[in-house]
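Structural overview
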Amino acid sequence: LATGGAKCWGYGAAGTRGDGTNTANALTPTDVVTWDGSLMSSVTDIDLADGSNPAYFGGAVSGGTLYMWGEGAGHSLGTHTTANALTPRGVHAP
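None of the values given here were measured: they were computed from a predicted structure.

Phi is positive for Ser-42, which is not a glycine, with a value near 60 degrees. Tracing the backbone through its elements, the reader meets Ser-42 in the loop between strand E2 (26–31) and strand E3 (43–48). In this model, His-80 sits at a positive phi of 65 degrees, which is unusual for a non-glycine residue. Inspection of the secondary structure assignment puts His-80 in the loop between strand E5 (65–70) and strand E6 (85–90). Classification of His-80 as exposed rests on a relative accessible area of 60%.

As structure tokens, this is what we get:
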């Protein structure tokens, strides 16, 4: 987006939209928000999983930080936990 934000829509389980919810599917784009509810900004790239198990998403923010959200099965988010992330979480380096 021109504003540097991110939007997701579609499948809603496991926090895959990054909008802080774990609810029904969204037919229209919703804003991806940070853990405190503010809009995610300065997004330079988005990578989307194929929607299979696990279903997760990632976004790179200016400055080189990588954020992931969605289903945490198999440690797929890189956040040292298997918990789902309803909003973007910073990835931990190995």
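Moving on: the environment of Thr-81. On the secondary structure map, Thr-81 appears in the loop between E5 and E6. In this structure Thr-81 comes out as partly exposed when scored by relative accessible area, which is 32%. Residue contacts for Thr-81: discarding those within four places in its chain leaves Gly-72 and His-75.

Tallied over the full model, the rule gives 2 salt bridges. As a salt-bridge pair, Asp-19 and Arg-17 come within 3.3 Å of each other at their nearest N and O atoms.

The topology assignment puts Gly-20 in the loop between strand E1 (7–10) and E2. Spatially, the C-alpha atom of Gly-20 lies 8.1 Å from that of Thr-34, the residues being 14 residues apart in sequence. Beyond its immediate stretch of four places on either side in the chain, Gly-20 contacts Val-33, Leu-86 and Thr-87.

Criteria and thresholds
Residues numbered from 1 in each chain as written. Predicted model: local features only at pLDDT ≥ 70, side-chain atom pairs only at ≥ 80, totals over all residues. Heavy atoms only, no water. Helix = DSSP H or I, 4+ residues; strand = E, 2+ residues; numbered from the N terminus. Buried < 20%, exposed > 50% of the residue type's maximum accessible area, 1.4 Å probe, protein only. Contact = heavy atoms within 4.5 Å. Salt bridge = Lys/Arg side-chain N within 4 Å of Asp/Glu carboxyl O.

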